[in-house]
Number of protein chains: 2
Amino acid sequence: MSNSSYAALVASFTRLYRYQHLAAMVGWDQAAMMPTKGNEARGAAMAELQVLMHRTLTDPTLKTLLKEAETEATDNATRASLREMKRVWQQANLLPERLVEASSLAGSRCEHGWRTQRAANDWTGFLQNFRPVVECAREKAQRLAEASGLAPYDALLEQFEPGMHSTQLTHIFGEVKSWLPGLIREVMDKQAGEVTLSPDGPFPVAAQRALGLEIMGLLGFDFDAGRLDISLHPFCGGVAEDVRITTRYREDDFMQSMMGIVHETGHACYEQHLPRDLVHLPVGQARSMGIHESQSLAFEMQLGRSPAFLELITPLVKKHLGDQVALDSANLARLYSRVKPGLIRVDADELTYPAHIILRFEIEAALIAGEIEAEDIPALWDEKMQVALGLDTRGNYRDGCLQDIHWTDGSFGYFPSYTLGAMYAAQYFATLRRDTPELETHIRTGNLAPVTGWLDSHIWRQGSLLETPALILQASGEALNPAYLRAHLEQRYLADSQ
Amino acid sequence: MSNSSYAALVASFTRLYRYQHLAAMVGWDQAAMMPTKGNEARGAAMAELQVLMHRTLTDPTLKTLLKEAETEATDNATRASLREMKRVWQQANLLPERLVEASSLAGSRCEHGWRTQRAANDWTGFLQNFRPVVECAREKAQRLAEASGLAPYDALLEQFEPGMHSTQLTHIFGEVKSWLPGLIREVMDKQAGEVTLSPDGPFPVAAQRALGLEIMGLLGFDFDAGRLDISLHPFCGGVAEDVRITTRYREDDFMQSMMGIVHETGHACYEQHLPRDLVHLPVGQARSMGIHESQSLAFEMQLGRSPAFLELITPLVKKHLGDQVALDSANLARLYSRVKPGLIRVDADELTYPAHIILRFEIEAALIAGEIEAEDIPALWDEKMQVALGLDTRGNYRDGCLQDIHWTDGSFGYFPSYTLGAMYAAQYFATLRRDTPELETHIRTGNLAPVTGWLDSHIWRQGSLLETPALILQASGEALNPAYLRAHLEQRYLADSQ
Ligand SMILES: [Zn+2]
Ligand SMILES: [Zn+2]
């Protein structure tokens, strides 16, 4: 009798997981496969599914079951499972079905329109679809905030990085702003004298894809449980049992896509190694978006752009793309650590990337707080871009505030995850390097097991058994410490040799 | 007030349509995209969706609403809509949820296993997964039969071809059996003296795909509302707003895939031209599987394999696959009308195809009636194949009873649709030819509008507004008349010149 409430909860959350499976697959399809005219029917079907998931979570019996199960729970694992169920349940129960459906429809429409509006630099057209998205997000934030006592923006942040609040972010990001501009200048001065060779294309899509697949294999991606496809905005989607990553190819530049694949493979390996016996429950799923980005950035920034890894993959690069001096590993390492302020976040180098994130964090926080309106974004974007990276974006919406997909479906509060992820990743690798003699040699010679093994045992197979601070403490012996990111950047970009 | 019941029904059936959208897309994905290890989670999610659709249809309020709406209905269109809603509703309400879920899971498992078991010629392994499928299908047939007063197999047939019963099929097919073997012999004797040239491959997949896409365009496929992909077993899936057709390529033989694409494009055009304002309701959806096959076979057999059409596409074939004498249109016409009894249904020529269908009809009817068991199928298959086409399939399950996907998920009653479709298609073209002077000239010169326009106005845009016999009568001026298929075959295969 004693576990009957928990068993009933497991049944409900398992059903929810199956609905999420459907949502994930049709969501991936929408981005990677769907032809234009399919969008309206797809949007309606996805909204119907959102309503259904919301109904599953707002079933009034869950409240009683959660209360009963909490009294019955005797072990830590069950308590952790209940904690995560309750988090998901609370979020849903604070939002009316009408709002869930309206958000889904508005997001679907705005994202779909954005796909052509971005290319057409059509801010006015975008704004029409975007206003309802902002309206839904604000109502959502307001409702979540009232119940939790958090500020509205923090209530949205909680969905992506539970426990992280804007005061802490403002503090962390404020510190980054204190040293980042100086570091960027210093590195640019240092690199001004460096000679880099540009790889000479074209690099056919088929060859780039074959190279990407081989690198994914090297990194441990399980191709019987996932795929690589193409989408306008690269992402990692699907479900833990069937992970779908995407990229986009440019025949004149393979570097972006290649490193993008390394990044998405980091997300994918996390999903593929979540605790399989728990993956149908919230406790067995990814900890947070910050931790998710910490996996992709551990792969991309800590491992992927390191000279040792680039030395390892250089023969593969040359095998698929042809032999030329510009593809020598030392030149690739210089290219992949080249610092150059630019307009586009996804094209940004590792060093200027945080500036893109901080700008977005500040704008979205102001937008949700009602301090600015949607139409104020371009001006604010221009102003902040000028200060942060000295770049002019006036009138260039395409490469300014229209460049990202995140806001189109109302994912406000997501952006900070990228820089938090970079910080976590730097902290993992500091620990890993301290505990693993000759780590660089292992990497250079193709033994990636010390890296993936460490991530697997400390992060992947932990799912959401621990809350983020406890997970980071257990993995690295201390709480989130942004100093590791700064140290990593100074080491990679200023040290004379690495 | 007066239309409130009908409006409530429309709301329920619209929700059902959105769930069907999800089912169609993840079903397509399972066949065309999904990696192996995704299958278990996919199967669970799809079964959950089946249960949900079943629940939507068994909501007790629907019964009252249908009754009320029937009294209120004043126009023919609403009455037709209610008739089709009721058909769907009745089917669902006769089946318990447990059976729906068990059927979905058993079908998913059996189909997935079949993908490797077929290749491995593993009948024993297949049988283990297949027995539960048969068990579910028999229970389903029994329950539907009890309520409708039909025989169990007829109750399954009703799902694919409403109104068609096995007595009528036995009669029609019996007649075909009376003239088909003689005709096959006669044609083979005639063709024995013919010289045909074999196209000399390899034909790269990319070139075949480009050719296929161009032919799809010629036939009127809307690429903004659909896609062409690859699957083990070609099919037309997706939804009316986003139609997904598949093919499979062999580099040593482009002919199969090319004509397969013409076939699936026939299915696709039907879906793409269903009445858009009604497509979310049963009355706006495809009439039946027999009518669906009549569209694919109108495209493939009546149009696609005709000398006029082959003459039209020959320049495209040569453009993509290279110029060689074997690709001359006269030779292509000879190749595409070459009669040669073979083991594989999907590889069969137009003339021997009905023999494959009649064999399957007889076996599945006996299986559902309980006259034979699953393990009896191979022996019966061998025996019938020997009689029908003089071929030995003993021990060769791969090319015998394991060759088709249909039975793996319990779609018993589907096979007759192919030959019914061929009969309907021959009847349409007899009408079309009678009413259109110079039809062949139009086709040869690339004006396919007389064909697609006729199909659009007589079939596509009719959806399910009429029942099948009325639809056929309205389109062709008479009831289903198998004599048109015989006349077409004698004309194409025995006339001295066409
Ligand atoms: Zn990422
Ligand atoms: Zn077909």
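A quick note: this is a predicted structure, and the numbers were derived from the prediction, not measured.

**Q** What exactly am I supposed to notice about the relation of the copies chain A and chain B here?
**A** One copy of the chain maps onto the second through a rotation about an axis and a displacement along it. When chain A is fitted to chain B, the best match, at an RMSD of 0.0 Å, comes from turning it 180° and sliding it 0.0 Å along the axis. Between the two chains, the operation in question is that of a two-fold axis. Of the residues that chain A buries at the interface, 100% are likewise interface residues in chain B, meaning the two copies contact each other through the same surface.

**Q** Could you clarify how one ought to interpret unusual backbone geometry in this entry?
**A** Where the residue is not glycine, phi is negative for most of them; where a peptide bond is considered, it is trans in most cases. The residue after Gly201(A), namely Pro202(A), is reached through a cis peptide bond having omega 0°. Positive phi is not limited to glycine here, since Asn121(A) has a value of about 55°. Here Asn121(A) shows up in the loop between helix H5 (97-119) and helix H6 (123-148). The class for Asn121(A) is partly exposed, based on a relative accessible area of 23%. If you check the backbone angles, Glu438(B) has positive phi at about 60° while not being a glycine. Following the sequence through the fold, Glu438(B) ends up in the loop between helix H16 (416-435) and helix H17 (439-444). The exposure class of Glu438(B) is exposed, given its relative accessible area of 55%.

**Q** What should I look at first to understand the sheet that holds strand E2 (residues 236-239) of chain A in this one?
**A** What holds strands together in a sheet is hydrogen bonding between their backbones, with the strands either parallel or antiparallel. Residues and elements named next belong to chain A. Read across the open sheet, the three strands follow the order E1-E3-E2; overall the sheet is mixed. Either end of the sheet is taken by a strand with one partner, and the two such strands are strand E1 (226-230) and E2. Ignoring which end each strand starts from, the neighbouring axes of this sheet average 20° apart. Relative to strand E3 (residues 242-247), E1 is paired through five bridges, and the arrangement is parallel. Bridge pairing links Leu-228 to Ile-245 in E3. Lying on the sheet, helix H10 (residues 255-272) is in contact with E1, E2 and E3; it crosses E3 at an angle near 165°.

**Q** Hey, could you run me through the coordination of the zinc ion (ligand 1) in this one?
**A** Geometrically, a metal with four donors at the corners of a regular tetrahedron has ideal angles of 109.5 degrees, and one with six donors at the corners of a regular octahedron has ideal angles of 90 or 180 degrees. Residue and element names in this part refer to chain A. Distances from the zinc ion (ligand 1) to its protein donors, His-263 (NE2), His-267 (NE2), Glu-293 (OE) and Glu-293 (OE), fall at 2.1 to 2.5 Å. Each of the four donor atoms bound to the zinc ion (ligand 1) contributes to angles spanning 53 to 148°, and the resulting shape is irregular. Read in sequence order, the donor residues coordinating the zinc ion (ligand 1) give the pattern H-x3-H-x25-E. Of this pair, His-267 sits in helix H10 while Glu-293 is found in helix H11 (residues 289-304), placing the two residues 26 residues apart along the sequence. Pair check on accessibility: His-267 and Glu-293 agree, each one buried.

**Q** Mind showing me how you'd approach the packing of helix H16 (residues 416-435) of chain A against helix H19 (residues 468-476) of chain A here?
**A** To characterise two packed helices, one gives the angle between the axes of the helices and the distance between these axes. Residues and elements named next belong to chain A. Running from amino to carboxyl end, H16 crosses H19 at an angle of 25°, the nearest separation of the two axes being 9 Å. When the axis of H16 is compared with that of H19, the two are roughly parallel. In this structure, H16 uses Tyr-424, Gln-427, Tyr-428, Thr-431 and Arg-434 to contact H19, whose residues at the interface are Thr-468, Ile-472, Ala-475 and Ser-476. Class assignment of the residues belonging to the contact of H16 with H19 gives a composition of four nonpolar, four polar and one charged.

**Q** Help me understand the nonpolar core, please; the structure alone is not making it clear to me.
**A** What tends to happen in soluble globular proteins is that the nonpolar side chains get buried as a cluster. Of all hydrophobic cores here, the largest spans 121 residues; its most connected members are Phe130(B), Ile377(B) and Phe412(B). Each of domain 1 (4-158) and domain 2 (159-498) of chain B contributes no fewer than three residues to this core. Leave out the neighbours within four places in its chain, and Phe412(B) touches Phe130(B), Val133(B), Val134(B), Ala137(B), Leu156(B), Phe160(B), Glu364(B), Leu367(B), Ile368(B) and Trp407(B). Judged by nonpolar contacts, the second largest core, of 120 residues, contains Val133(A), Tyr153(A), Leu351(A) and Phe361(A).

**Q** Sorry if this is basic, but what is going on with the interface of chain A and chain B here?
**A** When the parts of a complex come together, some accessible area is lost, and that lost area is often used as the size of the interface. Opposite the 32 residues of chain A that make contact, chain B presents 32 residues. Both sides of the chain A and chain B interface together cover about 2900 Å² of buried area, and 61% of this is carbon and sulfur. At the boundary of chain A with chain B, the tally comes to eight salt bridges. Salt-bridge contacts for Arg42(B) lead to Asp242(A); the nearest nitrogen and oxygen are separated by 3.6 Å.

**Q** Where do I start with the domain arrangement of chain A in this structure?
**A** Residue and element names in this part refer to chain A. Domain annotation for chain A reports domain 1 (4-158) and domain 2 (159-498). Each partner contributes to the interface: domain 1 provides 50 residues, whereas domain 2 provides 65 residues. By the criterion of area lost to domain 2, the three top residues of domain 1 are Arg-118, Trp-123 and Tyr-153, representing 17% of everything that side buries. Where domain 1 touches domain 2, the interface holds four salt bridges. With its nearest N and O atoms 3.2 Å apart, the salt bridge here joins Glu-467 to Arg-87. Where domain 1 touches domain 2, the interface holds 22 residue pairs in polar contact (both at pLDDT 80 or more). Listed by contribution, the elements that provide at least two residues to the side of domain 1 that touches domain 2 are helix H1 (4-32), helix H4 (76-93), H5, H6 and helix H7 (152-160). Of all the elements, H1 adds the most residues to the side of domain 1 that touches domain 2, at 12 residues.

**Q** What am I meant to see in the pattern of salt bridges here?
**A** Side-chain pairing between opposite charges can occur once the charged atoms of the two side chains come close. All names here are of chain A. Counted by the stated rule, this structure contains 70 salt bridges over all chains. Two residues, Glu-84 and Arg-287, come together in a salt bridge whose shortest N-O distance is 3.0 Å. Residue Glu-84 is found in helix H4, and its partner Arg-287 is found in the loop between H10 and H11; the two are separated by 203 residues along the sequence. Judged by its relative accessible area of 4%, Glu-84 is buried.

**Q** Would you mind showing me how to read the packing of aromatic side chains here?
**A** Two aromatic rings are characterised by how far apart their centres lie and by the angle between their planes. For the coordinates displayed, the defined rule picks out 34 aromatic pairs over all chains. Geometrically, the ring pair formed by Trp381(A) and Trp407(A) is edge-to-face, given 6.1 Å between the ring centres and 90° between the ring planes. Of the two residues, Trp381(A) sits in helix H15 (residues 377-389) while Trp407(A) sits in the loop between H15 and H16, which places them 26 residues apart along the sequence. Here the two residues Trp381(A) and Trp407(A) agree in accessibility, since each one is buried. Among the aromatic side chains, those forming a connected cluster through ring pairs are Trp123(A), Phe126(A), Phe130(A), Phe160(A), Tyr353(A), Trp381(A), Tyr397(A), Trp407(A), Phe412(A), Tyr414(A), Phe415(A) and Tyr418(A). Just above the ring of Tyr418(A) sits the side chain of Arg345(A); from NZ or CZ to the centre is 4.8 Å. Over the ring of Trp28(B) we find Arg244(B); its NZ or CZ atom is 4.4 Å from the centre of that ring.

Calculation rules
- Residues numbered from 1 in each chain as written.
- Chains lettered and ligands numbered in written order.
- Predicted model: local features only at pLDDT ≥ 70, side-chain atom pairs only at ≥ 80, totals over all residues.
- Heavy atoms only, no water.
- Least-squares fit on C-alpha atoms with pLDDT ≥ 70 in both.
- Contact = heavy atoms within 4.5 Å.
- Helix = DSSP H or I, 4+ residues; strand = E, 2+ residues; numbered from the N terminus.
- Buried < 20%, exposed > 50% of the residue type's maximum accessible area, 1.4 Å probe, protein only.
- Pairing = 2+ DSSP bridges.
- Axes fitted to C-alpha atoms, helices over the stretch in contact; angles between N-to-C directions.
- Donors = N, O, S within 2.8 Å, 3.2 Å for Na, K, Ca; no water.
- Tetrahedral: all angles 85-135°; square planar, octahedral: opposite > 155°, others 65-115°.
- Parallel < 35°, antiparallel > 145°, perpendicular 65-115°, else oblique.
- Nonpolar A, V, L, I, M, F, W, Y, C, P; charged D, E, K, R; others polar.
- Core = buried A, V, L, I, M, F, W, Y, C linked by side-chain atoms within 4.5 Å.
- Domains from an automatic or database assignment.
- Buried area = accessible area lost by both parts, 1.4 Å probe.
- Salt bridge = Lys/Arg side-chain N within 4 Å of Asp/Glu carboxyl O.
- Polar contact = N/O pair within 3.5 Å; in protein donor to acceptor, adjacent residues only side chain to side chain.
- Phe/Tyr/Trp six-rings, centres within 6.5 Å; stacked < 30°, edge-to-face > 60°.
- Lys NZ or Arg CZ within 6 Å of the ring centre and 35° of its normal.

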